[in-house]
Amino acid sequence: MYTDQELTIRPITEQDMERLWELIYKDEQPEWKKWDAPYYPHRAIPYEQFIQTNQDWIGDESFWVIEVSGVVRGIISYYWEHEPSKWLEMGIILHEGHLWGKGIGTRALKLWIAHLFHTMPLARVGFSTWSGNERMIRVGEKLGMQLEARIRKVRYYEGHYYDSIRMGLLREEWEALNND
């Protein structure tokens, strides 16, 4: 568990499952999906179906919850782009729009990056987003990430093409910024 004032990131417990369902799968068209890869389909899932997957969520080191003042408000994760070469990508979703633009995502990702660099032999962490998600790009910039790739016009959404954006941060850049 990592904490910054009222903000905590931690592994998922059984007690989180109903809240995660409410945030992620209760609604067919949740607001957060307009920003998190909206070109991929999303569908609501009944709670009874979702709870059957709890073994995939509880205690998974690659998928944690974001709590604000003791209430689960989102998720933070990583996945291996290519594990043999230690190429790791991460993601974050704050599921409630009233929390966007308040620095919570930046602070949560800062805790997550610290966790990843402290617990894994990584040379780099990064994420991919799309050019329509300007807030996520700003989060990367605030964290000291570099724009590593812009693949032009490969994300089609609501009649428009957007770029795929890849941002990354090297361990030595992180340490210089954070005096680890």
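Moving on, we get to the overall build of the chain. Helix and strand counts for the chain stand at six helices and eight strands. Each helix and strand of the chain, placed in order from N terminus to C terminus, yields the pattern β-β-α-α-α-β-β-β-α-β-α-β-β-α. On C-alpha atoms alone, the chain measures out to a radius of gyration of 16 Å, which is about the 16 Å that the 2.2 N^0.38 rule sets for 180 residues. Each principal axis of the C-alpha distribution contributes one length, and for the chain these read about 45 × 40 × 35 Å. As displayed, the chain has an accessible area near 9900 Å², and 49% of this comes from carbon and sulfur atoms. A distance of 6 Å separates the average location of the 21 positive side-chain charges in the chain from that of its 28 negative side-chain charges.

So, on to helix α1 (residues 17–24). Side chains of residues three or four places apart in an α-helix project in the same direction, reflecting 3.6 residues per turn. Of all the residues in α1, the buried ones are Met17, Leu20, Trp21, Leu23 and Ile24. For α1, the angular spread of buried residues about the axis comes to 165°, placing them on one side. Structurally, α1 contributes buried residues whose contacts are with α2 (47–51), α3 (54–57), β3 (63–68) and β4 (71–82).

On to the environment of alanine 114, then. Tracing the backbone through its elements, the reader meets alanine 114 in helix α4 (residues 104–119). Here the alpha-carbon distance between alanine 114 and glutamine 29, two residues 85 residues apart in the chain, equals 33 Å.

Take the nonpolar core next. Among the nonpolar cores identified, the biggest contains 34 residues, and Met90 and Val125 are the most heavily contacted of them. Top element by residues in this core is α4. It accounts for nine residues.

So, about the packing of aromatic side chains. Inspection of every chain in the model, using the stated rule, returns 14 aromatic pairs. Between tyrosine 2 and tryptophan 64, the ring centres sit 6.2 Å apart and the planes meet at 35°, which makes this aromatic pair tilted. Here tryptophan 64 lies in strand β3 and tyrosine 2 lies in strand β1 (residues 2–4), a separation of 62 residues in the sequence. Relative to tryptophan 130, the ring of tyrosine 39 has its centre 5.9 Å away and its plane inclined at 85°; by these criteria the two rings are edge-to-face. Here tyrosine 39, found in the loop between α1 and α2, pairs with tryptophan 130, found in strand β6 (residues 124–130); they are 91 residues apart in sequence, far enough to count as distant. Assessed through its relative accessible area of 3%, tryptophan 130 is described here as buried.

Parameters at a glance
Residues numbered from 1 in each chain as written. Predicted model: local features only at pLDDT ≥ 70, side-chain atom pairs only at ≥ 80, totals over all residues. Heavy atoms only, no water. Helix = DSSP H or I, 4+ residues; strand = E, 2+ residues; numbered from the N terminus. Rg over C-alpha atoms; globule rule 2.2 N^0.38 Å. Areas by Shrake-Rupley, 256 points an atom, 1.4 Å probe, with all protein chains shown as cover. Lys, Arg positive; Asp, Glu negative; His and termini not counted. Charge placed at Lys NZ, Arg CZ, Asp CG, Glu CD. Buried < 20%, exposed > 50% of the residue type's maximum accessible area, 1.4 Å probe, protein only. Arc of directions from axis to C-beta. Contact = heavy atoms within 4.5 Å. Core = buried A, V, L, I, M, F, W, Y, C linked by side-chain atoms within 4.5 Å. Phe/Tyr/Trp six-rings, centres within 6.5 Å; stacked < 30°, edge-to-face > 60°.

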